[in-house]
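Working through the structure, step by step
Chain by chain, the residues run as shown.
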Amino acid sequence: RGANIPKEVPILEGKELATMREACRLGREVLDIASRYMRIGVTGDQIDRIVWQACVERKIYPSPLNYYRFPKSVCVSPNEVICHGIPDARPLEEGDIVNLDVSIYHEGFHSDLNETFFIGTCDEDAHRLVRTSYCALHAAAQMIRPGTFYRDLGNVIHAEAAKNNCAVVTTYCGHGVGQLFHGPPKVPHYRKNKAVGIMKPGHVFTVEPMINLGS
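Read on for a plain summary of the structure. (Residues numbered from 1 in each chain as written. Predicted model: local features only at pLDDT ≥ 70, side-chain atom pairs only at ≥ 80, totals over all residues. Heavy atoms only, no water.)

1. Quick look at the side chain of His106
Considering the arrangement of structural elements, one finds His106 in strand β3 (residues 97–106). Taking the relative accessible area as the measure of exposure, His106 reaches 11% and is therefore buried. Sequence-distant contacts of His106, defined by excluding residues within four places in its chain, comprise Thr19, Glu22, Ala23, Leu26 and Ile60. (Helix = DSSP H or I, 4+ residues; strand = E, 2+ residues; numbered from the N terminus. Buried < 20%, exposed > 50% of the residue type's maximum accessible area, 1.4 Å probe, protein only. Contact = heavy atoms within 4.5 Å.)

Structure representation (structure tokens):
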């Protein structure tokens, strides 16, 4: 995953861009199907089977499966698990917050999207955390247009986290997605980052703020 990744951000247009949009639509469809089962008592393994079956029915491939030996078709990340959680036999419990990260491969292109769910009744800290993450994403999304520096997204995400007594996870970043599952650009979510590049028409990338309670 290191040496062969190009430095330039691919520019999609025409048929390639249309295929990428379809990959994103299919990914959203799979995530929406899985979301219907996010309730008390359901296990991560069950969610994984639902995602796998939804992919088979749409003739698409779940990108995480066998990616660097990842053993499942979806990432299920509850509570203190920041991301890339491996689905298992643990039932979802009252008060959990759980992120589903769905990525699929369609006709040569990957899409990558996620959403966090409240299981049953959750406490105010859980709501504050998820609300802060959502607002940080929304603030960054307002900046997505040609001419924006990728490094500037981290400033608004950090500001949103800080005002809610939360902190940005610096270990993982947003990234380019398309013919590569993970490619350029690198999109850090923290302030004072040194990400290179300016947004241009045809760039496709993720912004996925990961936020912790406290500092």
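So much for the structure itself; the text now carries on.
2. Concerning the packing of aromatic side chains
Pairs of aromatic rings are described using the distance from one ring centre to the other and the angle between the two planes. Summed over all chains, the structure comprises three aromatic pairs. Counting every residue linked through ring pairs, the aromatic cluster contains Tyr67, Tyr68 and Phe181. Seen from the ring of Phe149, Arg151 lies directly overhead, with NZ or CZ sitting 4.4 Å from the centre. (Phe/Tyr/Trp six-rings, centres within 6.5 Å; stacked < 30°, edge-to-face > 60°. Lys NZ or Arg CZ within 6 Å of the ring centre and 35° of its normal.)

3. Some details on the nonpolar core
Counting 24 residues, the largest nonpolar core has Val30, Met38, Ile47, Val51, Leu100 and Ile104 as its most contacted members. Where this core is concerned, the elements lending two or more residues are α1 (14–35), α2 (44–57), β3 and β4 (109–118). Broken down by element, the residue count for this core peaks at six residues, all from α1. Once you skip the residues sitting within four places of it in the chain, Leu100 turns out to touch Leu31, Ala34, Ser35, Met38, Ile47, Cys75, Val76, Leu113, Asn114, Glu115 and Phe117. (Core = buried A, V, L, I, M, F, W, Y, C linked by side-chain atoms within 4.5 Å.)

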